[in-house]
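Given next are the chains, with one letter for each unit.
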Amino acid sequence: MMDTKILKPGTIATLVLAIVMLVLAATVGTAQETAIPDTADPGARGLAIAVEADRRDTGFGNFTAEMVMVLRNRHGQESRRDIRLRTLEVDGDGDKSLSIFDRPRDVEGTAFLSFSHVTGNDDQWLYLPALSRVKRISTSNKSGPFMGSEFSYEDISSQEVEEYTYTWLRDEQLDGQDIYVVERVPVDKNSGYTKLVTWIDKEHFRTMKVEFYDRKGAHMKTLIPQGFHQYLEQYWRPDIMNMVNHQTGKSTVLEWTNYEFRTGLTDRDFDRNALKRAR
Amino acid sequence: MTRRLIVGIVGILLLAPASTATAQDWSARIEAEGSLFPASPADPGQIHNSASIAIAPEWEFEFDDRRQLITFEGFLRLDASDPDRTHADIRVLSWEYVANRWEARVGLRRVFWGVTESQHLVDIINQTDLIESPDGEDKLGQPMVNFAWITDFGTVDAFVMPLFRERTFPGSRGRLRFQPRVETDETVFDEGADSGRLDLALRWAHSVGAWDLGLSHFYGTSRDPRFTLGGVTSSVLVPVYEVIHQTGIDAQMTTAAWLLKLETILRSGQGDAFGALTGGFEYTFGGVFGGVADLGVLLEYSWDSRGEAVFGTDLTDPLGFSVFQNDLFVGSRLALNDTGSTSLLGGGAVDLDTGSLLLILETSRRIADDWTMEIEARAFVGAEPGEPLYSLRQDDYLRVAVSRYF
């Protein structure tokens, strides 16, 4: 009578966008580069760092990538998800993305379309191949886990500068790199976090580490991206993103392959017709 | 027909421009299923329990830079207890061509329209495979030519459908069937409704902000037959297929945790014209029980202007009916969001005219990589003689299915 096999509404998403924000990146310094205020005003300094990181990751147009997600529980048992992603940058709004599931095999052919917005709720549709049905789904449960992993929907969805308030905490070194340490506090009361502490490298504005603090203020998870590569001589993306949950002992590793930028994707690759024939 | 389709598709394939990017993929599901019926059957000829397996292979071939796509989905059910339920179908065997402003699709296809959960009024393209499952969600492949125009004001789909397919019904030994049983050998086609006709349909669908809207019209042989008494001793139900016009509207408004849904139809051609609607909401609570599970609450009301069917008494005129003519469905959906994607749906539909109840419990879980298990239970409570659900009064069941994916 009903499809009970819900793929966690509001979970699946543009991991690609995730990267965009979790691993803010760029190289080409231009005349428009945001001046980072001095340490006397931690709020202005934190915001300027976020704005500059965002600016450096703007203009990629579109890209496709493949992702393998390995989930490990505290006993070391693993399970695996394979997802392909297509993302389109949208001028003046959040990005559009299409995620296609290849594994686990029982959800093979399931696809997820997301239009993220700078303000207001995102639009999300799920395609259920067994019924050939497209369902518009709820977007409110952003703190829930994505495919049973340690990444929540809000960790992997497109994030905009406006969605947080920022405070610069300190400058320090991490693995020999000069780092800005910036605290982000989510504006949305539905967020699963009270704050995120982010380590951003001064040279390329890439996010090198994130600590997530839960609703009670306790340190819940740590994300460490690794193996950065630069694409189109501007956009940095990591090969691996490792998320560890300190409270449950579980972890999830995302491995990214086959990044291709500016592949000719258009709006037509992100409508409901495209969702229905996503393979 | 199927053979002609295959020839056509192969022909198109050969004519296709040299493809720069191709991808093809085989996959399959094999399911073992057992159903337990604790009560003895209403008709002593019906089976007690059942065991069966199903095989569902799929093949996809994408080429010409993703502009062309060929898909195949087969289905075979082998039932050890009820030979009538052993059946096979080609669910999908289809070629699609994608252009910037239009798409063409030819072949056997499955098309879903609508937004509600408790029943699907607007959904009309495919015939229901009722012998496969009593929930009506399984559909037979429908031969069609479908052309879609993609505009800034939504997508308009036109369908031309040859080769009407009759609904499948459980045979004399099957459970979950009407009393008396449906005899498909005696099927009656009203004038013009025979399988030689071309059925037509047109649909506009659009997504604007929080709204997903659809407006559709169907002109052709009704997938949903009326029934009359037939056979030598008037001891069986005979499906009567007639040509209908059906206009449907479906709408969903999505705001964060709320989904508001409405489907309504107007149908003529089966006796007096009638209207029906299903409307309601789904609300999702995220992170319940102090953890990461989601809990959805669903409520849908259904109404049909034909009213309560009186079944099995006087069928001089064919009887058309809906089980949900003045019914309220209340349900709850729990998704644990764990590694095994455990989910559970429980609910009940109460007939507000008679008080009879249909109770549903469905749960599914990935039990290992490439393996899933589903458990489903239904109970039919309090139906009086004459109500359609009275036929199922002895058919409360528990179904367990384990699937392996390849």
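Computed from a prediction, not measured in an experiment: that's the story for all the values here.

About the thresholds
Residues numbered from 1 in each chain as written. Chains lettered and ligands numbered in written order. Predicted model: local features only at pLDDT ≥ 70, side-chain atom pairs only at ≥ 80, totals over all residues. Helix = DSSP H or I, 4+ residues; strand = E, 2+ residues; numbered from the N terminus. Buried ≥ 20, exposed ≤ 12 C-beta atoms within 10 Å, placed from the backbone. Contact = placed C-beta atoms within 7 Å. Rg over C-alpha atoms; globule rule 2.2 N^0.38 Å. Core = buried A, V, L, I, M, F, W, Y, C linked by C-beta atoms within 7 Å. Nonpolar A, V, L, I, M, F, W, Y, C, P; charged D, E, K, R; others polar. Pairing = 2+ DSSP bridges.

Caption draft 1: Seen up close, the overall build of chain A. A count of helices and strands for chain A gives four helices and 13 strands. Here chain A, with 279 residues, has 49% of them falling under the buried criterion. Of the contacts made within chain A by residues no fewer than 6 positions apart, 53% connect residues no fewer than 24 positions apart.

Caption draft 2: Spatial organisation of the overall build of chain B. Of the regular secondary structure elements, chain B holds one helix and 21 strands. In terms of overall size, chain B behaves like a compact globule, its C-alpha atoms giving a radius of gyration of 22 Å where 406 residues would be expected to give roughly 22 Å. The buried share of chain B, reckoned over its 406 residues, is 40%. For chain B, the share of sequence-separated contacts (at least 6 apart) that also reach a separation of at least 24 residues comes to 57%.

Caption draft 3: Focus on the nonpolar core. Grouped together as the largest cluster of nonpolar side chains are 36 residues, with contacts concentrated most on Met67(A), Met69(A), Leu98(A), Ala111(A) and Leu113(A). The contacts of Met69(A), once residues within four sequence positions are left out, are Arg80(A), Arg81(A), Ile83(A), Met147(A), Ser149(A), Thr252(A) and Leu254(A).

Caption draft 4: Quick peek at the interface of chain B and chain A. In this complex, chain B contributes 46 residues to the contact, which on the side of chain A involves 32 residues. Those elements that place two or more of their residues in the side of chain B that touches chain A are strand S2 (49-63), strand S6 (142-151), strand S13 (243-255), strand S15 (274-288), strand S17 (326-335), strand S18 (343-351) and strand S19 (357-368) of chain B. By residue class, the composition of the side of chain B that touches chain A is 14 nonpolar, 16 polar and 16 charged.

Caption draft 5: Geometry of the sheet that holds strand S12 (residues 236-241) of chain B. Residues and elements named next belong to chain B. Strand order in the open sheet made by the three strands is S8-S12-S11, with mixed pairing throughout. Strands with a single pairing partner mark the edges of an open sheet, and in this sheet they are strand S8 (188-189) and strand S11 (226-230). Relative to S12, S8 runs parallel, the two being bridged by two bridges. Across the sheet, the residue bridging to Phe189 is Tyr241, located in S12.

Caption draft 6: Main features of the pairing of strand S9 (residues 193-201) of chain A. Residue and element names in this part refer to chain A. Two elements, strand S8 (residues 177-186) and S9, share six bridges in a ladder whose sense is antiparallel. Each residue of the ladder has a partner; that of Tyr180, found in S9, is Ile200. Where S8 folds back onto S9 in an antiparallel hairpin, the turn is made up of six residues. Relative to strand S10 (residues 207-214), S9 is paired through seven bridges, and the arrangement is antiparallel. Residue Tyr193 lies in a different strand from S10, and its bridge partner there is Asp214. Between S9 and S10, which pair antiparallel in sequence order, lie five residues; one of them, Phe205, sits at a positive phi of approximately 60°.

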